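Here is what each chain is made of, one letter per residue.
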Amino acid sequence: MATLHCIPLERLRAAVCELMRGFGSSEREVELVADNLLQANLTGHDSHGIGMLPRYAAAFLEGGLRPNAHVTTRLDSGTLLALDGQAGFGQVIGHEAMTLGIARAAAHGSCIVALANAHHLCRIGAWAEMAVDAGLVSVHFVNVISRPIVAPWGGADARFGTNPFAVGIPVPGREPVILDMATSVIAQGKTRVAYNKGESLAPGQLLDDQGRPTTDPKYGVVEPLGALRTFGEHKGFGLALVCELLGGALAGGLAAHGPSAGQQRVLNGMLTILIDPARLADGALFASETLAFLDWVKAAPPQSGVDRVRVAGEPEREMRAKRLAEGIPVDDNTWKELLVAASKLGRDPQALNRLAGIA
């Protein structure tokens, strides 16, 4: 098992911002990327947190990630927006795309945003959270253009990415429902996290390079590579297919249809549907029916070993509170990878150690 560093949020944020400056990013970009990654760690999704920075550094050095890029508009017909992310940091591109879409939905009651060519959009739930903060419902279909890492149901090798799906639903007077999930059993980054920690995966999540079930996370990280499996057998595969066609072929203009050329960059296409529930339905009825259903579901008696029923978004909020109080755990292997990335970007690794409080 790898050593764990438990780092307070503000100290870790200072270290991450120092590394980010190695990309030549504006200070606004530094902060958007750092805060987005740290929010992923805070919610317990370390697969989408600061451990992504070494991959970003490799993509940047290869020319596949463009710092300080911004969205450009390909189509604007009021409630339909088609945007290009210019291979810029997804944390910036996603924020800009959602800001545009939210404004249109506020004005017209709805908006469909087709976003193409964004570098890694990270945790898609962050964009759903932006929408619900504005009182909107959002639905997101996302594809991934990188090395194929997920096998189709019944297939023995990887043919597409983890293709996330997310939904945000505001709940009057309560915390929102935020469903955010890869269509694979686990996100690819969770194999990296397990590998770096020296842990095994649960059965049923991964195939080895021969298409055989395995619990060894190395087949998701180092050659020879295997393939993740879709959640829910054929049902998860069906949703992954839809995400590829809507987020990729339709919104992004680029779907997976061949092996990777070996680049480190990760491109996403995302189709987002934004709806103002107050413009579509009776607001009081929507609120009362939503609350009645959630109360009914959560009142189910828990199974043995479970304290209570939770709905989407609750585990992340609980983990955020815990990590804000106790610090964010970062395993030693991941921290070493961050120091190497900082050096490659021309930043002093010892400065990161000092800022994070690591001897």
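Residues numbered from 1 in each chain as written. Predicted model: local features only at pLDDT ≥ 70, side-chain atom pairs only at ≥ 80, totals over all residues. Heavy atoms only, no water.

**A look at the overall build of the protein**
The helix and strand inventory of the protein stands at 12 helices and 12 strands. For a compact globule of 359 residues, the expected C-alpha radius of gyration is about 21 Å, and the protein comes in at 20 Å, within 12% of that figure. Considered along the principal axes of its C-alpha atoms, the protein spans approximately 55 × 50 × 45 Å. Looking at the 359 residues of the protein, the share that counts as buried comes to 50%. For the protein, the share of sequence-separated contacts (at least 6 apart) that also reach a separation of at least 24 residues comes to 69%. As presented, the protein carries roughly 15900 Å² of accessible surface, and 57% of it is formed by carbon and sulfur atoms. Of the side-chain charges in the protein, 32 are positive and 36 negative, and the distance between the mean point of each set is 2 Å. (Helix = DSSP H or I, 4+ residues; strand = E, 2+ residues; numbered from the N terminus. Rg over C-alpha atoms; globule rule 2.2 N^0.38 Å. Buried < 20%, exposed > 50% of the residue type's maximum accessible area, 1.4 Å probe, protein only. Contact = heavy atoms within 4.5 Å. Areas by Shrake-Rupley, 256 points an atom, 1.4 Å probe, with all protein chains shown as cover. Lys, Arg positive; Asp, Glu negative; His and termini not counted. Charge placed at Lys NZ, Arg CZ, Asp CG, Glu CD.)

**What about the sheet that holds strand E6 (residues 165–169)?**
Taken in spatial order, the 7 strands make up an open sheet running E2-E3-E4-E11-E5-E6-E7, and their pairing is mixed. A single partner strand is all that each edge strand has here, and the edge strands are strand E2 (72–76) and strand E7 (177–181). When strand polarity is set aside, the average angle formed by the axes of neighbouring strands in this sheet is 15°. Pairing geometry for strand E5 (residues 137–145) and strand E11 (residues 267–275), over 9 bridges, is antiparallel. Residue pairing across strands places isoleucine 145 opposite leucine 267, the latter belonging to E11. With respect to the sheet, helix H4 (residues 90–108) is in contact with E2, strand E3 (80–84), strand E4 (110–119), E5 and E11, its orientation differing from that of E4 by roughly 170°. (Pairing = 2+ DSSP bridges. Axes fitted to C-alpha atoms, helices over the stretch in contact; angles between N-to-C directions.)

**Points about the nonpolar core**
Counting residues in each nonpolar core, the largest one holds 37 residues, and the members touching the most others are Leu12, Phe23, Ile50, Leu53, Tyr56 and Trp335. Elements that contribute at least two residues to this core include exactly helix H1 (9–20), helix H2 (27–42), helix H3 (53–62), strand E12 (328–331), helix H11 (332–344) and helix H12 (349–356). Excluding anything up to four places from it in sequence, leucine 12 contacts Ile7, Leu38, Ile50, Ile328, Val330 and Trp335. Counting residues in each nonpolar core, the second largest holds 23 residues, with Met98, Val113, Ala118 and Leu121 among its members. (Core = buried A, V, L, I, M, F, W, Y, C linked by side-chain atoms within 4.5 Å.)

**Some details on the sheet that holds strand E10 (residues 227–228)**
Read from one edge of the open sheet, 3 strands run E9-E8-E10, paired in antiparallel fashion. Two strands close off the open sheet at either side, each with one partner strand: strand E9 (213–214) and E10. The pairing of strand E8 (residues 206–207) with E9 spans 2 bridges and is antiparallel. Across the sheet, residue leucine 206 finds its bridge partner in E9, namely threonine 214.

**Focus on the packing of aromatic side chains**
For the coordinates displayed, the defined rule picks out 5 aromatic pairs. Considering the side-chain rings of phenylalanine 23 and phenylalanine 89, the 5.2 Å spacing of their centres and the 85° angle between planes classify their relative orientation as edge-to-face. Taken together, the residues span a long stretch of sequence, with phenylalanine 23 in the loop between H1 and H2 and phenylalanine 89 in the loop between E3 and H4 at a distance of 66 residues. Phenylalanine 23 gets classed as buried once you look at its relative accessible area, which sits at 4%. On the accessibility criterion, phenylalanine 89 (0% relative accessible area) is buried. Arranged with centres 5.4 Å apart and planes meeting at 55°, the rings of phenylalanine 141 and phenylalanine 165 form a pair that is tilted. Separated by 24 residues along the polypeptide, phenylalanine 141 in strand E5 and phenylalanine 165 in strand E6 bring together distant segments of the chain. Take phenylalanine 141: its relative accessible area is 12%, and that puts it in the buried class. One aromatic cluster is present, formed by Phe23, Tyr56, Phe60 and Phe89 through successive ring pairs. (Phe/Tyr/Trp six-rings, centres within 6.5 Å; stacked < 30°, edge-to-face > 60°.)

Note that all results are geometric; they support no functional claim without further evidence.
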